[in-house]
Each structure stands twice: as structure tokens, then as C-alpha cells.
Amino acid sequence: MKLQNFETITGSINRTIETEKAITLIKDTFPKLLAEKLNLLRVTAPLIVESQTGINDDLNGVEKPVTFTSQAIGKHIEIVQSLAKWKRLALHKLKMQPGQGIYTDMNALRPDEIPDATHSIYVDQWDWEKFIDSSDRTVEYFRKTVNLIYAAIKEMEMIVATQTRAITPELPQTIHFIHTAELEEMYPSLTAKEREQRICQQYGAVCIEGIGYPLSDGKPTDGRAPDYDDWSTLRPDGYRGLNGDIIVWHKPLGIALELSSMGIRVSRESLMTQLKLQNLESRIKYPYHSMLINNILPQTIGGGIGQSRLCMYLLRKVHIAQVQESVWPDEIETN
């Protein structure tokens with residue numbers, strides 16, 4: 001979204017005491033709702049991880065993390081870009097059982113991110129991961145989990161509305177599920193982002209499934225790393241992928257706003273398939289990937305829910321700078 005399309009951005013970004021109180025309400029309340037619905041235990045999470053372990057997330061495969069060398073420890077270290085893989089390892093170390101899970105406050109830096117109305121170099125999420133049985137590696141279980149998360153978001157919206165007169169609940173009663181291949185069939189002449197906009201405006205809240213697997217043109221709707229979400233498993237309906245994005249229609253900007261990316265995680269088989277599809281078989285040398293290949297890590301489902309994104313949506317803000325402290329282009333006045 002271009003700055004000139006915003007309604008008097010400069011001067012309107014300023015944070016108020018009322019906004020700060022509302023942000024606190026959301027950040028204090030929502031993780032409790034999420035934990036209750038998904039049976040999650042709060043844990044602490046790292047800001048840094050050791051390089052060459054394969055734990056850090058490389059997102060679309062091209063983003064480079066902030067790195068440095070600790071002279072005291074003598075190791076190369078990276079600031080996390082997300083905790084998608086770390087959480088699965090944490091479930092293993094905590095000896096969790098099927099049906100149990102964890103969540104944490106994730107703080108990350110993504111230096112290659114291009115800041116705009118909905119993106120920041122600084123990323124804050126509620127990251128969560130849940131141990132599942134192998135029999136739960138189904139699209140039905142994935143959708144059941146999405147519905148629980150959506151119910152928590154709707155409940156949070158109602159709480160905000162009762163305490164903030166200016167906010168009126170507008171989320172639809174249910175979230176609509178659709179696969180990227182279905183969207184392509186519906187709107188073959190539109191780009192992936194245009195399809196996303198069209199379907200989200202129509203339904204108000206959608207979960208777009210199968211993010212990462214190539215469509216008929218050989219390109220995926222959006223990039224996905226090959227080693228956390230399972231986007232290649234063939235489903236009974238003939239589509240591929242056990243992952244998706246939760247997206248809502250944000251009226252103040254007239255855009256589809258992604259609140260969460262989540263999915264059932266790769267099995268040994270889907271990991272090998274996806275590494276091959278992206279010519280990244282060399283990653284099997286990393287300790288993390290070796291544990292996956294040797295079936296040491298549990299089968300899981302997990303994802304991240306943007307804290308600032310959710311605050312931005314629920315408080316009907318036009319820029320993420322209104323709910324987050326970060327570094328922005330000079331055009332954005334945040335003080």
C-alpha cells in the first residue's frame with residue numbers, strides 16, 4: 001500500500017494512552033484465550049540461535065538473518081526470523097504428549113522486510129506448536145484447529161468492542177476455507193494477491209490453504225520454506241497441502257490482512273519431497289533435519305499469530321506503526 005493512499009498518515013500515526021491501554025488488553029487477554037482453546041503451556045523462547053543448526057527460519061528461502069559472532073562463546077549466532085522449527089524441537093525436549101502444546105511471545109528481526117502499512121522489520125507474534133498423533137495429519141484436523149483459533153479472535157473482538165465504544169464487531173460468524181488451486185480456477189486472470197483480495201472481501205474471513213505448492217503456472221501463491229509446513233501432501237480432495245493463512249478483510253485500508261500462517265508440519269516423507277522440489281537436499285546435513293529424517297521429533301501442528309497485526313485489525317488502525325514501536329521510513333511520523 002503506497003503512503004499517498006493513506007488518509008493523512010503523517011500526524012495520524014501518533015499513539016495515544018487509549019490505544020496503549022487497548023493494546024495491553026489484547027496482549028494480556030488473547031494468549032490466554034488461545035491457550036485455553038488449544039491446550040497450550042506458555043514457555044520462554046530464544047531471541048538468538050546458533051548458526052548451522054538448521055533451526056532458524058529462512059522464510060521464503062532468500063531472507064538473510066542478522067548474524068554475529070560471540071567472541072566469548074566462539075560461535076556464529078543468528079537473531080531468529082521465526083520459531084517454526086525451534087518449537088517442534090522444544091516439544092521433543094519437554095517430552096510433551098499428543099494433544100499438548102506450547103505457546104510463546106516471539107520477537108524477531110527480518111532485515112530484508114520492506115516496511116509498509118502492514119509490515120515491519122521487527123516482528124512480534126504469538127508462536128504456538130502442538131503435538132499431534134500421526135492420524136491427525138489430515139485437512140479435517142487442520143480446519144478444526146483453524147476454527148478454534150478463529151473463535152479466539154472473534155471472542156477477543158467482542159471483548160475489545162465492549163470496552164472501546166468506537167469498535168463494532170464485524171467478523172463473520174464462520175471462516176471460509178478455500179485452496180489456492182481453487183482460487184486459481186475461479187480467477188485465472190488475476191494475480192495471487194488479487195485473488196486473495198477478491199475472496200477475502202467477499203467472505204470477510206478466509207483460510208487460504210495449500211500455500212507453497214506450485215500452481216498450474218509452476219509458481220506457488222506465496223513462498224514457503226520446505227522444512228516446516230507440509231504443503232505437498234496429497235489430500236483426499238485431490239489438492240495438496242496441510243497448511244494455510246488466516247486472512248481477514250480490513251475495512252480501514254480496504255485490504256486482505258493476514259493475521260496468521262499455520263500448518264501441520266512436515267513428515268519425513270514430505271520434508272524430502274519439499275527439499276527436492278526446491279533443490280535444497282543439502283539441508284539434510286543439519287542436526288534439525290537429521291532428527292526429522294530419523295523420526296526423532298514429534299508430529300506437530302503450529303503457527304504464528306501476529307501480535308501487532310491483530311492489534312491493528314481489532315483497533316481498526318491504518319498503519320502498524322500505530323500499535324508497534326519500530327524503525328520506519330522518514331515519511332512516517334510516529335512521535
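The structure under discussion appears in the preceding block.
Residues numbered from 1 in each chain as written. Predicted model: local features only at pLDDT ≥ 70, side-chain atom pairs only at ≥ 80, totals over all residues. Heavy atoms only, no water.

Please set out the overall build of the protein residue by residue, giving values where relevant.
Of regular secondary structure, the protein possesses nine helices and eleven strands. Taking 335 residues into account, the globule formula puts the C-alpha radius of gyration at 20 Å, and the protein, at 20 Å, falls close to it. When its C-alpha atoms are laid out on the principal axes, the protein stretches across 55 × 55 × 40 Å. Counting across all 335 residues of the protein, residues that qualify as buried make up 53%. Within the protein, contacts between residues at least 6 apart in sequence are counted, and of these 73% link residues at least 24 apart. Roughly 15500 Å² of accessible area belongs to the protein as shown, and the carbon and sulfur atoms make up 51% of that amount. (Helix = DSSP H or I, 4+ residues; strand = E, 2+ residues; numbered from the N terminus. Rg over C-alpha atoms; globule rule 2.2 N^0.38 Å. Buried < 20%, exposed > 50% of the residue type's maximum accessible area, 1.4 Å probe, protein only. Contact = heavy atoms within 4.5 Å. Areas by Shrake-Rupley, 256 points an atom, 1.4 Å probe, with all protein chains shown as cover.)

Lay out the sheet that holds strand E3 (residues 67-70) in plain terms, naming residues and giving numbers.
The sheet built from three strands is open, its strands ordered E2-E4-E3 with antiparallel pairing. Pairing within the sheet leaves two strands with one partner each, and these edge strands are strand E2 (48-50) and E3. Averaged over all neighbouring strand pairs, the angle between strand axes comes to 35 degrees, with direction disregarded. Across four bridges, the pairing between E3 and strand E4 (residues 75-79) is antiparallel. Counterpart to Thr 67 in the pairing with E4 is Glu 78. (Pairing = 2+ DSSP bridges. Axes fitted to C-alpha atoms, helices over the stretch in contact; angles between N-to-C directions.)

For the sheet that holds strand E9 (residues 243-250), give the residues involved together with the corresponding values.
The strand order across the open sheet formed by eight strands is E1-E5-E6-E11-E10-E9-E8-E7, and the pairing between neighbours is mixed. Sheet topology places strand E1 (40-42) and strand E7 (176-179) at the edges, where each strand pairs with a single neighbour. In this sheet, adjacent strand axes meet at a mean angle of 30 degrees when their direction is disregarded. With three bridges joining them, E1 and strand E5 (residues 101-109) adopt parallel strand pairing.

How would you explain a nonpolar patch on the surface if you had to name every residue and give the values?
Side chains of Leu 47, Ile 48 and Phe 68 sit close together on the surface and give an oily, nonpolar patch of about 260 Å² of accessible area. With respect to the helices, strands and loops of the structure, Ile 48 is situated in strand E2. Using a relative accessible area of 40% as the deciding quantity, one classes Ile 48 as partly exposed. (Patch = residues over 30% accessible without salt bridge, like charges linked within 9 Å, V, L, I, M, F, W, Y side chains within 5 Å. Salt bridge = Lys/Arg side-chain N within 4 Å of Asp/Glu carboxyl O.)

Give a detailed account of the side chain of Thr 145, specifying residues and quantitative values.
Take Thr 145: it is sitting in helix H4 (residues 139-163). Apart from residues no more than four positions distant in its own chain, Thr 145 is found in contact with Leu 38, Trp 128, Met 262 and Ile 301.

Give me the lowdown on helix H3 (residues 84-93), citing residues and values where you can.
Most of H3 sits inside the fold, with eight of its ten residues counted as buried. What H3 keeps buried is the set Ala 84, Lys 85, Trp 86, Lys 87, Arg 88, Leu 89, Ala 90 and Leu 91. Against E5, strand E6 (122-131), helix H8 (287-293) and strand E11 (300-306) lie the buried residues of H3. Where H3 terminates, the next one or two residues include Lys 95, which has phi positive at roughly 55 degrees.

It is worth stressing that arrangement in space is one thing and function is another; only the former is reported here.
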